[in-house]
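# Fold and contact review
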Amino acid sequence: MSSTKIHALIIIGSGPAGYTAALYAARARLEPVLFAGWMAGGIAAGGQLTSTSIVENFPGFPKGIDGPELMVLMQEQAERFGTTVFIETVESVDLKTRPFTVSSNARSLKAHSIIIASGAIAKRMGIPGEDKYWDKGISACAICDAALPIFRNKELLVVGGGDSACEEAYFLTKFGSKVYMAVRRNELRASKEMQDRVLQHPKIEILWGTEVKEAHGGEGLRGTLESVTLFQKKDGKERQLPVSGLFYAIGHSPNSSFLAGQLTLDAAQYIVTTHNTQCSVEGVFACGDVQDAHYRQAITAAGSGCMAALDAEHWLASQKNII
Ligand code: FAD
Ligand code: NDP
């Protein structure tokens, strides 16, 4: 469906960045349209926090708040002030012709300005056996999958040494009999608080300087993960570790492929912003994890969403000839 209407602002993405941008833009009477995505990059509308349990560090919730619940509240708040939300994935944008065009598989809309808040997705390792045992013992979301019967009272392995890896390992102790963490260096990247949680937990054992090389398991449709091959850097030896679960927590890739060369991206495909949230094309702004490889927190994503909306509002106000 194509429309001749030219919107002031379209927002792409539905995490804390997108909904905060929408809230500010709606309150500025810009009547924003927000494309929330339909499992874009494998993430539900609402973004990465829909794949976690309790969020303890978002201000205003002293007892913590369930991640999916927080995102429903953000959507409701943005809609209350006049944001229109489409649960559709943007497949392409045309930033070469003004007004810009934003297209999903259901509609093509035009807008004077765009905010990109499409977030990031969990990285995969690409080891042999990964495709075969994906969802049959291998997962990138312990919070989502830990309660499955195949992991109950079994030995499990988390790869990574960041906050996600620590959080997932800690969460898995509720279900598994033992949880290993394969950390490729001899130190964790995670915050001190998260480090303490795993270092002190009796069910968690950290395998320092260890890489996961291959996944093995049963054959046929019912075959699940049974073990992994590990490489220990200190002695250069490989060994087999019997585990029923392998959980990736090795970082994220930005959801920027739909931009297809229309904006400047860095080497890791994060959107490059200058002058706060301004992208390489005037009138296009970016916020949240799609332009932030460093902080990657709900509150920093929300904060930059606010900045993007204010930047878009000021830019639109300066374009008196088009509004
Ligand atoms: P995202 O949350 O990634 O949301 C982007 C959304 O846009 C997604 O729904 C995606 O599907 C959609 N999208 C992508 N492409 C398109 C497209 N082409 N068209 C339309 N929509 C699209 N941070 C904290 O502060 N506290 C925590 O406790 C915490 N826990 C975490 C737990 C886990 C398991 C993970 C993975 C992350 C956690 N984080 C936490 C980090 C936090 O979730 C992110 O920093 C934050 O969600 C980033 O927000 P965002 O708005 O940039 O993008
Ligand atoms: P990070 O990028 O912080 O950490 C990734 C980890 O995976 C690092 O330890 C990295 O090792 C390791 N790694 C990367 N690639 C590989 C590989 N191929 N093989 C083995 N190990 C690998 O990502 P996170 O997802 O942990 O965190 C992302 C952001 O979300 C952070 O800002 C974090 O603070 C935030 N977050 C916050 C939470 C909270 O506050 N409760 C919970 C979860 C996430 P190396 O260190 O050697 O590079």
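Note that the coordinates shown come from a computational prediction; the quantities given were computed from them, not determined experimentally.

Mapped onto the fold, arginine 197 is located in helix H6 (residues 192–199). In this structure, the C-alpha to C-alpha distance between arginine 197 and cysteine 166, residues 31 residues apart in sequence, is 7.6 Å. Excluding residues that lie within four positions of it along the chain, arginine 197 makes contacts with Glu56 and Tyr170.

Here the protein is partitioned into domain 1 (2–121 + 252–318) and domain 2 (124–248). Distance between the C-alpha centres of domain 1 and domain 2: 32 Å. Listed as interface residues are five residues of domain 1 and, on the opposing side, seven residues of domain 2. Taken over both partners, the interface formed by domain 1 and domain 2 buries close to 370 Å², and the fraction arising from carbon and sulfur atoms is 44%. In terms of surface lost to domain 2, no three residues of domain 1 exceed Ser51, Thr52 and Ser53, which account for 67% of the buried area on that side. Remark: the boundary between domain 1 and domain 2 carries one salt bridge. Notably, a salt bridge pairs glutamate 56 with arginine 197, separated by 3.3 Å at the nearest N-O pair.

Looking now at helix H5 (residues 163–172). Restricting attention to buried positions, one finds in H5 the residues Ala165, Cys166, Glu168, Ala169, Phe171 and Leu172. On its buried face, H5 sits against helix H4 (142–145), strand E11 (155–159), strand E12 (178–182), H6, strand E13 (204–207) and strand E17 (245–248).

Glancing now at the nonpolar core. Leu9, Ile11, Tyr19, Leu34, Phe58 and Ile115 are the most contacted members of the largest nonpolar core, which totals 32 residues. At the level of elements, strand E1 (2–12), helix H1 (16–27), helix H2 (67–80) and helix H7 (298–318) are the ones that each hand at least two residues to this core. Here this core gets eight residues from one element, more than from any other, and that element is H7. Excluding its chain neighbours within four sequence positions, the residues that come into contact with tyrosine 19 are Ser14, Leu34, Ala36, Met71, Met74, Gln75, Ala78 and Val85. In terms of nonpolar packing, the next biggest core, distinct from the first, is built from 24 residues, Cys166, Ala190, Met194 and Phe247 among them.

What counts and what doesn't
Sequence order as written defines residue numbering, which begins from 1 separately in each chain. Lettering for chains starts from A, numbering for ligands starts from 1, and both go in the order in which the items are written. Reporting in this predicted model follows two pLDDT cut-offs: at least 70 for local features of residues, and 80 or more for side-chain atom pairs to be given and counted; totals over whole chains, interfaces and linings ignore these cut-offs and use all residues. Water and hydrogen atoms play no part in the side-chain values, which are based on all heavy atoms of the structure. Segments assigned H or I by DSSP are reported as helices when at least four residues long, segments assigned E as strands when at least two residues long, and all are numbered from the N terminus. Contacts between residues were defined by any pair of non-hydrogen atoms, one from each residue, lying within 4.5 Å. For every domain, the bounds stem from an assignment made automatically or drawn from a database. For any pair of parts, buried area is found by adding up, for both, the accessible area (1.4 Å probe) each one loses once the two are put together. We count a salt bridge whenever a side-chain nitrogen from Lys or Arg sits within 4 Å of a carboxyl oxygen from Asp or Glu. Only protein chains enter the calculation, and the probe is 1.4 Å; a residue is then buried if its accessible area is under 20% of its type maximum, exposed if over 50%, and partly exposed in between. Take the buried residues of types Ala, Val, Leu, Ile, Met, Phe, Trp, Tyr and Cys, join any two whose side-chain atoms come within 4.5 Å, and each joined set is a nonpolar core.

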